[in-house]
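Descriptive analysis of the structure
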Amino acid sequence: KAGVTQTPRYLIKTRGQQVTLSCSPISGHRSVSWYQQTPGQGLQFLFEYFSETQRNKGNFPGRFSGRQFSNSRSEMNVSTLELGDSALYLCASSIEGAGEQYFGPGTRLTVT
Amino acid sequence: EDQVTQSPEALRLQEGESSSLNCSYTVSGLRGLFWYRQDPGKGPEFLFTLYSAGEEKEKERLKATLTKKESFLHITAPKPEDSATYLCAVWPSGTYKYIFGTGTRLKVLA
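What counts and what doesn't
Residues numbered from 1 in each chain as written. Chains lettered and ligands numbered in written order. Predicted model: local features only at pLDDT ≥ 70, side-chain atom pairs only at ≥ 80, totals over all residues. Heavy atoms only, no water. Contact = heavy atoms within 4.5 Å. Salt bridge = Lys/Arg side-chain N within 4 Å of Asp/Glu carboxyl O. Polar contact = N/O pair within 3.5 Å; in protein donor to acceptor, adjacent residues only side chain to side chain. Helix = DSSP H or I, 4+ residues; strand = E, 2+ residues; numbered from the N terminus. Nonpolar A, V, L, I, M, F, W, Y, C, P; charged D, E, K, R; others polar. Buried < 20%, exposed > 50% of the residue type's maximum accessible area, 1.4 Å probe, protein only. Phe/Tyr/Trp six-rings, centres within 6.5 Å; stacked < 30°, edge-to-face > 60°.

Listed per partner, the contact involves 22 residues of chain A and 18 residues of chain B. Linking chain A with chain B are 0 salt bridges. Applying the counting criterion to the chain A and chain B interface returns 5 residue pairs in polar contact (both at pLDDT 80 or more). Those elements that provide at least two residues to the side of chain A that touches chain B are strand S4 (31–38), strand S5 (42–50), strand S6 (53–57), strand S9 (87–94) and strand S10 (102–103) of chain A. When grouped by side-chain class, the residues that make up the side of chain A that touches chain B number 9 nonpolar, 7 polar and 6 charged.

Here Tyr35(A) shows up in strand S4. The class of Tyr35(A) is buried, set by a relative accessible area of 0%. As a C-alpha pair, Tyr35(A) and Leu88(A) span 53 residues in sequence and 8.3 Å in three-dimensional space. Leave out the neighbours within four places in its chain, and Tyr35(A) touches Leu43(A), Gln44(A), Phe45(A), Leu46(A), Leu88(A), Tyr89(A), Leu90(A), Ala92(A), Gln101(A), Phe103(A), Tyr98(B) and Phe100(B).

Here the focus is the packing of aromatic side chains. What the rule picks out here adds up to 12 aromatic pairs over all chains. Where Tyr35(A) meets Phe103(A), the ring centres are 5.6 Å apart and the plane angle is 45 degrees; that geometry is what we call tilted. Remark: Phe103(A) occurs in strand S10 and Tyr35(A) occurs in strand S4; sequence separation between them is 68 residues. We note that Tyr35(A), like Phe103(A), is buried. Ring centres of Tyr35(A) and Phe100(B) lie 5.4 Å apart, and the angle between their planes is 85 degrees; this geometry places the pair in the edge-to-face category. On the criterion of chain membership, the pair formed by Tyr35(A) in strand S4 and Phe100(B) in strand S10 (residues 99–100) is interchain, its members lying in two chains. Owing to a relative accessible area of 8%, Phe100(B) belongs among the buried residues under this scheme.

Written as structure tokens, this is what we have:
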């Protein structure tokens, strides 16, 4: 069974731009969660989606948004990028948001 | 406030030198505790799920245990390939929001 895939793997953007990251969960998994990972803060929860509905949101500004499609694929968007948004963005899927999550390889975003 | 603290931040072991990693947590209600391994440049890899105090899980040289306030990841006779960052996460009751600790960086020397 194929794992979680994320595209693109690497991105370089300029301050003020916006970016969209994509995540395809494991087949049969309907829950997708997004995390931001930085050396200082570790993994910080962004949001979780199940059946196209956001069930939980972390403490991030409104510039961070996401959505989930009917095939469970998910996207997250960051608008008006700031230098501090440079991080590894990880997507994780699980069957129903219960139990273990399986992570993708991440998208490394660099904001200059 | 729900919180997860891992210690030590970093650990260096000689090959074969057993040790334990600690994960202390404060949550209003615990639905599950998870251990992950993360290699540089990769996403976390799932290791164990623990649901109730007293539960234990084993996999090769790793053994995870859970009490009402903390979890331990015991590494027996580690090998250099066990070098990685080990992450602990809790799943609080009433949420779909997992809270991660900042991890323990383990280095096993040959």
